[in-house]
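Summary of the model geometry
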Amino acid sequence: MNDQHIQPSPADQGPFTPENGVFELAGAPPIWISVHTCRTPACPCRSARILASQDGEQALLRRQDAFNEAMQSGGEFAPDPVDEQTLFELDIDSACVSAVRGTAPLDLALHPDIAEVARRIDGDVLESIGRLWYRGKGLPDPEEAVLRVPAITVAGWKPGQRLGWDEVCHGVRMDIYRIDGVSYNAIDFYCPTPSCACGEVDIQFLAPDGIESPGDVVVNLSDQVVMVPTRKGHALLGRLWDAYRRRHTDYFARLSRRQQTMKTLGGRIEAQRPAVSDKIGRNDPCPCGSGKKHKKCCAA
């Protein structure tokens, strides 16, 4: 994690406690935030409630106990009018901001104080909030859990193909960008072969069903970025890439860390064997696509 972007207080270590989720956001003037995520295991909500203060860490901590108590009891909490404090809801995956107990995105032009806080919540902070969401519900961190399993089975994958980060690690959050009312999910694809020295990461901005994707961005981890737009997606792909770079200011380091993890896991990744069908003859080509006869491949 990039220390210049996020400085966690005792958060991210040990069991989930009210002291966790306190961060100092990078930039001037200093801004401190206290993050509270839903702790009901069965609840699928992906929001976090943010209490921010520009009066320093101690001013925030003075109000944090009351803030946590109100969140745990389901009661209301009002920021202290004496201190410069701000309260809002944040969608963990898209970073969209709404009013407390609201659903419609706030017009940040009308709320410059909230806009300044939201602007500083970058990708590293969002990743930490995603981990707090899992810990608050008593669930294991999915990215840490996959590092401990002996084998990783990926449906539909064949050796030689690239793999999306979420296909293997089931990330702590989706990386969603909303442009003109449409949500695009940025997924980074890697070569998982440990012996391969390729240094390319393919970032795809996936659109909802029925909407054409604007294209991909290929990042060579040495120093090169290549835009690969669809025929009509050049302008939109540029907007999405600008938003991606604002959220992940040190994206080269982020993608390099993820590539190293994917290479480490590569030896444990397996293709899911297709179910054997009575209609497949033993001398027919194997449906897994290996090119071998079925009797010498998946039927063996």
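Higher on the page you've got the structure.
Heads up: these notes are all about the structure in this document.

In this section: the overall build of the chain. Per the secondary structure count, the chain includes 7 helices and 14 strands. Here the chain holds 300 residues, and the buried ones make up 43% of them. Considering only intrachain contacts with a sequence separation of at least 6, the fraction spanning at least 24 residues in the chain is 55%. Total accessible area on the chain stands at roughly 15,400 Å², and carbon and sulfur atoms take up 52% of it.

Right, let's talk about the pattern of salt bridges for a bit. It is possible for side chains of opposite charge to pair when their charged atoms get near one another. Applying the stated criterion to the full structure yields 14 salt bridges. Several salt bridges converge on common partners, so that one network encompasses Glu127, Arg173, Asp175, Arg247 and Arg254.

Right, let's get into helix α2 (residues 112-120). Considered for burial, the residues of α2 that qualify are Ile114, Val117, Ala118 and Arg120. Down the axis of α2, the sector holding all buried residues measures 165°, keeping them to one side. Exposed and facing more than 90 degrees away from the buried side of α2 are Pro112 and Arg119.

Next up on the list: unusual backbone geometry. The residue after Ala28, namely Pro29, is reached through a cis peptide bond having omega -5°. Relative to the elements of secondary structure, Pro29 occurs in the loop between β2 (22-25) and β3 (31-37). Even without being a glycine, Asp180 presents a positive backbone phi close to 50°. Mapped onto the fold, Asp180 is located in the loop between β9 (176-179) and β10 (182-190). Under the relative-accessibility criterion, Asp180 is labelled exposed at 63%.

Quick look at the side chain of Asp93 now. Here Asp93 shows up in the loop between β5 (85-91) and β6 (97-98). Apart from the residues within four sequence positions on either side, Asp93 is in contact with Arg46, Arg173, Met174, Asp175, Ile176 and Arg247.

Our next topic: the nonpolar core. The biggest cluster of nonpolar side chains holds 31 residues, and the ones touching the most others in it are Ile203, Phe205, Tyr244 and Leu255. Breaking this core down by element, the ones donating at least two residues are β7 (152-154), α5 (165-168), β9, β10, β11 (200-206), β12 (215-220), α6 (234-247) and α7 (251-265). Residue contributions to this core peak at 6 residues, all from α6. Apart from the residues lying within four places of it in its own chain, the contact partners of Ile203 are Ala186, Ile187, Asp188, Asp216, Val217, Val219, Trp241, Tyr244 and Leu255. With 23 residues, the next largest nonpolar core counts Ala52, Leu90, Leu132 and Trp133 among its residues.

We now examine the environment of Lys137. Structurally, Lys137 is set in the loop between α3 (123-136) and α4 (142-146). Looking at Lys137, the relative accessible area reads 5%, which means it is buried. Separated by 96 residues in the primary sequence, Lys137 and Pro41 have C-alpha atoms spaced 4.9 Å apart. Among the polar contacts listed, one links the side chain of Lys137 to the backbone oxygen of Thr40, at a separation of 2.6 Å.

A word on the pairing of β3. Counting buried positions along β3 gives 7 out of 7 residues, so the element sits mostly inside the fold. Of the two faces of β3, the one carrying Ile31, Ile33, Val35 and Thr37 and the one carrying Trp32, Ser34 and His36 are both buried. Looking at chain direction, β2 and β3 are connected through 4 bridges and run antiparallel. Each residue of the ladder has a partner; that of Phe23, found in β3, is Ile33. The antiparallel hairpin formed by β2 and β3 contains 5 residues in its connecting segment, where Gly27 sits at a positive phi of about 115°. With 6 bridges connecting them, β3 and strand β4 (residues 47-53) associate as antiparallel partners. The residue of β4 that forms the bridge with Ile33 is Ala52.

Moving on, we get to the pairing of β9. Where a strand is regular, its side chains alternate between the two sheet faces. In terms of strand pairing, β9 meets β10 through 4 bridges, oriented antiparallel. The residue bridging Ile176 from the neighbouring strand is Asn185, located in β10. Counting the residues in the hairpin turn of β9 and β10 gives 2 residues, including Asp180, whose phi is positive at 50°.

Basis of the calculations
Residues numbered from 1 in each chain as written. Predicted model: local features only at pLDDT ≥ 70, side-chain atom pairs only at ≥ 80, totals over all residues. Heavy atoms only, no water. Helix = DSSP H or I, 4+ residues; strand = E, 2+ residues; numbered from the N terminus. Buried < 20%, exposed > 50% of the residue type's maximum accessible area, 1.4 Å probe, protein only. Contact = heavy atoms within 4.5 Å. Areas by Shrake-Rupley, 256 points an atom, 1.4 Å probe, with all protein chains shown as cover. Salt bridge = Lys/Arg side-chain N within 4 Å of Asp/Glu carboxyl O. Arc of directions from axis to C-beta. Core = buried A, V, L, I, M, F, W, Y, C linked by side-chain atoms within 4.5 Å. Polar contact = N/O pair within 3.5 Å; in protein donor to acceptor, adjacent residues only side chain to side chain. Pairing = 2+ DSSP bridges.

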